[in-house]
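Each chain, written out:
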Amino acid sequence: MTKINLIIFLLTMLLPLGLMAQKSAISVSGTIKDKISEAALPFVNVVLKKSDDSSFVAGTISNDKGLFTMADIAPGDYLIEITNIGYTKYAAPLFVGSNSEFIDIGSILLQESVQQLNEVVVTGEQDAISGALDKKTYAVDDNVSQSGGSVLQSMNNLPGITTQNGKVQLRGNDQVMVLIDGKQTAITGFGNQRGLDNIPSSAVEKIEIINNPSAKYDANGNAGIINIILKKEEQHGFNGKIGLSAGLGALWVRQENLPGIRPQYQATPKINPSVSLNYRKKKVNLFLQADNLYTETLNKNEFVTRTYDDGTVIDQQLKRNRDTNFFNSTVGLDWFIDDNNTLTVSGMFSQESIKDYGDQPFFNGSTGESLRLWQFLEDEVLTAAMASLAYEHKYQQPGHKLNIGFNYTFDREDEKYFFDNTLPDFTTQESFFLIADQKVADFTLDYTKPMKHGLLETGIKFRRRTIPTDMKFNPSETNSILDTAADGRATYKETIPALYGNYTYEVKKLEAEIGLRVEYVEVTYDVDVNHNTYQSDGYNYLQPFPNARITYKLNERNRLSAFYNRRVDRPDEVDIRIFPKYDDAEIIKVGNPALQPQFTNSFELGYKHVWGKGDFYGAAYHRILDGTITRVAVTVDTTNLIYNISQNAGKSYNTGVEIVLSQDLSDKINVNLNLNGYYNQIDAFTVENKYPVDNTFTVEEQAIYSGNVKLNTNFKFGKNMEAQLTAIYLAPDIIPQGTIDSRFSLDAGVKKTIQKGNGELFLNATDLLNTMVIRKEINGNNFSYTSADYYETQVIRFGYSYKF
């Protein structure tokens with residue numbers, strides 16, 4: 001069988017795990033009053049029955065204030081009956097929808113001679129691909145083929161998500177806001193994504209994908225939001241979970257090194273111990289979550305051929321052997337002051353230590369002559385701490401609540417970079433040191449009130465963020481390649497007050513949602529007056545960010561939704577950082593303090609159909625981006641150095657279709673297919689670069705049809721064993737000034753429950769066929785280059801966990 005036929009066979013036969021379990025437990029409440037006096041009626045009987053056969057579903061009595069509550073009600077059609085001595089029996093049809101976890105049907109008035117038969121509409125909330133088609137939720141423990149790895153690896157086979165260069169993409173777009181427990185953190189980044197490849201998946205309970213966020217969320221992240229929900233128990237007594245996983249990667253050399261450099265990492269170890277503890281007694285709940293992930297990886301192994309217009313050809317390789325240790329912990333307590341008030345105090349601490357041992361040789365592509373050898377040690381420590389205070393007041397009506405929160409985050413980026421630069425005539429030893437301290441204070445106030453036909457949410461948020469940065473170059477006495485006049489200090493300051501309101505409305509056939517978030521943003525970037533190129537800069541704006549959704553329920557099995565969303569992506573501090581970074585000897589990254597935000601208008605139409613043993617979800621979407629943030633690669637002198645500079649590229653467009661199809665083939669096999677096809681276009685643009693000298697650069701229009709296919713199969717062997725196969729195909733796509741070629745991988749995993757359901761063993765392997773290679777082609781103003789990155793993708797992991 002040829003390789004192509006094998007891939008086609010696998011794509012046809014293998015499907016991913018269907019992770020779309022639904023949660024539909026709704027709390028229905030109301031108040032019973034006398035119609036004449038409007039006095040509350042205590043101890044009134046309330047019964048809920050199915051509308052089709054009048055069978056009993058739930059029952060309760062009102063309290064001394066006339067309030068009643070029935071919990072765990074599934075969406076559907078019901079009949080509510082209310083009886084009280086001396087009053088006429090009340091009966092009315094009751095529709096329980098799927099839009100809010102708590103509902104308030106308002107006041108029900110009883111009298112002796114009047115019987116109310118008005119229809120009451122109640123809303124509720126469900127998980128997975130929700131009825132509103134606005135959110136997908138996935139349990140990490142069900143992702144068998146990626147157990148024991150990082151959060152980034154665990155996301156790799158989720159519908160609609162791809163990964164590239166350590167970032168997640170939603171529908172081919174990496175402008176994604178990543179939250180942890182609903183909050184932005186230093187671990188995952190307040191602007192650009194970071195750290196996802198080092199957060200252990202063992203710490204995560206579930207992952208939410210929100211393609212069309214409401215006004216309740218911050219306005220940044222035009223592709224959507226990924227919310228990582230960490231594990232936390234609230235059971236009474238002492239309980240928890242411990243785990244240990246280990247693995248090996250880079251099992252063989254996929255591409256031999258160019259001559260004269262140190263060996264590639266092979267048989268790279270990974271180890272991840274984890275513990276989750278919880279103790280709850282009476283009014284106090286104590287919790288602890290801690291993980292340590294140690295990995296050795298062949299982080300990069302890229303072979304590049306650069307061709308210049310004057311005929312010069314350079315062959316090079318960039319190899320990074322990486323040692324990483326990531327420790328993460330969360331500790332806190334919940335104080336249940338009384339039935340209506342809860343105070344949570346928590347702290348999060350993480351430290352990531354990264355050491356890269358790199359080699360980068362350069363050869364004349366025509367003669368084979370050695371031109372240069374660049375060897376380096378990058379020693380980086382990222383330390384983050386966050387303190388959180390959260391207060392919740394629950395009003396008498398279930399779901400009616402006020403939340404107040406304050407988070408303070410401090411994180412330090414401490415990077416030291418040492419390199420030996422060997423040329424035919426001389427060798428130099430140089431270094432640079434970077435310290436960046438980030439301080440972020442967030443205050444939030446959120447108010448939620450269930451209504452008779454929906455849910456009202458409103459609130460405010462205030463953020464103050466500062467990042468003082470200090471870059472110090474340590475040049476050699478002679479022949480230094482460092483731009484010593486471009487180091488120094490800079491300070492990033494960000495102030496954002498925001499106000500939002502969001503209302504959802506639901507009747508039996510129709511749902512609607514409308515929201516508005518208004519943000520004022522002021523950003524200043526203070527640059528050292530001695531910097532040789534850049535000056536202080538910044539921007540400010542006051543902008544509205546509306547969202548709207550309408551859902552039409554054709555029947556119980558079919559829903560159609562339409563969405564509109566306006567969002568923004570603000571340049572992160574690293575995008576505007578003024579200091580040239582020499583982690584690649586001849587491709588030098590530089591920020592741009594004149595960078596402006598990009599604004600996005602998104603339109604989407606979604607459809608969901610459910611049948612007995614499966615479901616279909618489809619969406620067509622279109623995004624218009626104005627002021628697209630990207631990087632351009634240019635040469636400006638005779639050195640053949642390439643400068644990679646942040647710029648606003650004008651308008652770009654993303655139009656596509658996403659399909660998720662899930663089917664139970666039997667009680668032992670579940671299959672899931674995810675198809676995402678899109679058209680990406682970046683309009684032609686011209687930019688003015690300042691570094692290292694003033695220059696103008698023009699790029700022609702880029703456009704491509706691209707997409708990805710993910711197929712999984714989930715098998716059940718008896719009651720205690722599951723297995724999963726995952727096949728992923730990524731089509732060619734455009735990147736700034738070029739294209740990235742197609743990629744394919746196959747993953748597999750198995751897990752077995754032991755010790756009466758308390759213990760679990762797993763074994764999995766990623767990229768079984770070792771086919772995941774990243775190939776790119778870039779075109780510049782007077783050069784082009786092709787590359788192939790044979791980084792580590794094949795990893796075998798095994799592990800054990802025990803809950804008590």
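Residues numbered from 1 in each chain as written. Predicted model: local features only at pLDDT ≥ 70, side-chain atom pairs only at ≥ 80, totals over all residues. Heavy atoms only, no water.

### A few points about the overall build of the protein chain
Short version of the rule: Numbering goes from the N terminus for both helices and strands, where a helix is a DSSP run of H or I of at least four residues and a strand is a run of E of at least two. Radius of gyration here uses only the C-alpha atoms, and the compact-globule reference equals 2.2 Å multiplied by the residue count raised to the power 0.38. Burial status follows relative accessibility: with a 1.4 Å probe on protein chains alone, a residue under 20% of its type maximum counts as buried, one over 50% as exposed, and anything between as partly exposed. Throughout, a residue-residue contact means that at least one pair of heavy atoms, one from each residue, lies within 4.5 Å. Computed with the Shrake-Rupley method and a 1.4 Å probe, the accessible areas treat only the protein chains shown as cover for residues. Counting rule for charge: Lys and Arg are taken as positive, Asp and Glu as negative, and neither His nor the chain ends is counted. Throughout, a charge is located at the NZ atom of Lys, the CZ atom of Arg, the CG atom of Asp or the CD atom of Glu.
Secondary structure summary: the protein chain contains three helices and 45 strands in total. Against the globule reference of 28 Å for 804 residues, the protein chain gives a C-alpha radius of gyration of 29 Å, in line with a compact fold. Along the first, second and third principal axes, the C-alpha atoms of the protein chain reach 105 × 60 × 50 Å. In the protein chain, which comprises 804 residues, the share counted as buried stands at 54%. For the protein chain, the proportion of contacts with a sequence separation of at least 24, taken over those separated by at least 6, is 69%. Roughly 33000 Å² of accessible area belongs to the protein chain as shown, and the carbon and sulfur atoms make up 56% of that amount. In the protein chain, which carries 78 positive and 97 negative side-chain charges, the distance between the mean positions of the two groups comes to 7 Å.

### Points about the sheet that holds strand β31 (residues 629-634)
How we decide: Between any two strands, at least two bridges found by DSSP are needed for them to pair. Note on geometry: axes are lines fitted to C-alpha atoms, helical ones only across the stretch in contact, with angles between N-to-C directions running from 0 to 180 degrees.
The strand order across the open sheet formed by three strands is β28-β32-β31, and the pairing between neighbours is mixed. Of all strands in the sheet, those with a lone pairing partner are β28 (587-590) and β31, marking the two edges. When the angles between neighbouring strand axes are averaged without regard to direction, this sheet yields 30 degrees. Pairing of β28 with strand β32 (residues 642-648) involves four bridges; the strand directions are parallel. From the neighbouring strand, I588 faces β32, where its bridge partner is Y643.

### A few points about the sheet that holds strand β4 (residues 67-73)
What the three strands build is an open sheet, ordered β4-β1-β7; its pairing is mixed. The strands lining the two open edges of the sheet, one partner per strand, are β4 and β7 (102-110). Within this sheet the neighbouring strands show an average axis-to-axis angle of 20 degrees, counted without direction. When strand β1 (residues 26-34) meets β7, the two strands line up parallel, connected through seven bridges. Within β7, the residue paired with T31 across the bridge is S107.

### Points about the environment of E700
By secondary structure assignment, the location of E700 is in the loop between β36 (695-699) and β37 (702-717). Distance from E700 to Y391, taken between C-alpha atoms, is 53 Å for residues 309 residues apart in sequence.

### Focus on the pattern of salt bridges
Short version of the rule: Any carboxyl oxygen of Asp or Glu within 4 Å of a side-chain nitrogen of Lys or Arg constitutes a salt bridge here.
All told, the structure shown has 36 salt bridges when counted by the stated rule. D218 is the partner of R517 in a salt bridge, and the nearest nitrogen-oxygen pair spans 3.0 Å. Of the two residues, R517 sits in strand β25 (residues 510-527) while D218 sits in the loop between β13 (204-210) and β14 (224-230), which places them 299 residues apart along the sequence. Side by side, R517 and D218 carry an identical accessibility label, which is buried. Among the ionic pairs, R320 bridges to E378, the shortest N-O distance being 3.0 Å. Of this pair, R320 sits in strand β18 (residues 313-338) while E378 sits in strand β20 (residues 370-394), and the two are 58 residues apart along the sequence. Taking relative accessible area as the criterion, R320 reaches 7% and is therefore assigned buried. Linked by salt bridges that have partners in common, E506, E511, E513, R549, K553 and R559 make up one network.

### Quick word on the packing of aromatic side chains
Condition: Between rings of Phe, Tyr and Trp, where Trp is taken as its six-membered ring, a pair exists when centres lie within 6.5 Å; planes separated by under 30 degrees are stacked, by over 60 edge-to-face, and by other angles tilted. Over a ring means this: the NZ of a Lys or the CZ of an Arg is within 6 Å of the ring centre and within 35 degrees of the ring normal.
This model, assessed by the stated rule, comprises 20 aromatic pairs. Relative to Y790, the ring of F303 has its centre 6.0 Å away and its plane inclined at 75 degrees; by these criteria the two rings are edge-to-face. Residue F303 is located in strand β17 (residues 284-308), and its partner Y790 is located in the loop between β44 (783-789) and β45 (795-803); the two are separated by 487 residues in the primary sequence. Taken individually, F303 and Y790 each receive the classification buried, so the pair is uniform in this respect. For the pair Y679 and Y705, a centre-to-centre distance of 4.7 Å together with 45 degrees between the ring planes defines the contact as tilted. Of the two residues, Y679 sits in strand β34 (residues 669-682) while Y705 sits in strand β37, which places them 26 residues apart along the sequence. Directly above the aromatic system of F362 lies the positively charged group of R372, at a separation of 6.0 Å from the ring centroid.

### Details of the nonpolar core
What tends to happen in soluble globular proteins is that the nonpolar side chains get buried as a cluster. Note the cut-off: For our purposes a nonpolar core is just a set of buried Ala, Val, Leu, Ile, Met, Phe, Trp, Tyr and Cys residues, chained together by side-chain atoms within 4.5 Å.
Counting 63 residues, the largest nonpolar core has W374 and Y582 as the members making the most contacts within it. Dropping the residues within four chain positions of it, W374 is found in contact with G358, D359, Q360, F362, Y417, F419, D420, N421, I481, Y582 and A585. Formed by 26 residues, the second largest nonpolar core is a distinct cluster that contains V176, A203, I207 and L230.

### A word on unusual backbone geometry
Omega for the peptide link from Y691 to P692 comes to -5 degrees, which places this bond in the cis form. Along the chain, P692 falls in the loop between β35 (685-689) and β36. A positive phi is found at A250, a non-glycine position, where the angle reads about 50 degrees. Position of A250 among the secondary structure elements: in the loop between β15 (237-249) and β16 (268-281). For K282, which is not glycine, the phi dihedral falls at a positive 55 degrees.

### Observations concerning the pairing of strand β38 (residues 721-730)
Judged from the ten bridges that link them, β37 and β38 form a sheet pairing that is antiparallel. Residue pairing in the sheet places L711 in a bridge with A727 of β38. Joining the antiparallel neighbours β37 and β38 is a turn of three residues, in which G718 adopts a positive phi near 70 degrees.

### Considerations on the environment of P273
Among the structural elements, P273 can be located in strand β16. When the C-alpha positions of P273 and F363 are compared, they lie 44 Å apart, and in sequence the two are 90 residues distant. Setting aside residues no more than four positions away along its own chain, P273 makes contact with G243, L244, A290, D291 and N292.

### Description of the side chain of S27
By the secondary structure assignment, S27 is in strand β1. Among the residues examined, S27 registers a relative accessible area of 9% and is labelled buried.

### Concerning the environment of A723
Position of A723 among the secondary structure elements: in strand β38. Residue classification places A723 among the buried positions, given a relative accessible area of 13%. A sequence separation of 581 residues divides A723 from D142, and the C-alpha atoms of the two residues are 9.9 Å apart. If near-sequence neighbours (up to four positions away) are discounted, A723 is found in contact with T713, N714, F715, F717, G749 and V750.

### As for the confidence of the model for the protein chain
Inclusion rule: Predictor confidence is given residue by residue as pLDDT, running from a minimum of 0 to a maximum of 100.
When the pLDDT values of the protein chain are averaged, the result is 87; 93% of them are 70 or greater. Across residues 1-23 the pLDDT falls below 50, and counting only partners more than four positions away or on other chains, this stretch makes 72 contacts in the model. Residue range residues 114-128 is modelled with pLDDT below 50. Its contacts to residues more than four positions away, or to other chains, number 80 contacts.

### Brief notes about the side chain of N341
For clarity, the threshold we go by: Pairs of N or O atoms are called polar contacts if they sit within 3.5 Å, as long as, within protein, a hydrogen donor faces a hydrogen acceptor (for residues adjacent in sequence, only side-chain-to-side-chain pairs).
Residue placement: N341 occurs in strand β19 (residues 341-364). For N341, a relative accessible area of 13% translates into the label buried. Within the structure, N341 has its side chain in polar contact with the side chain of Y391 (distance 2.4 Å). If near-sequence neighbours (up to four positions away) are discounted, N341 is found in contact with W335, F336, Y391, E392 and H393.

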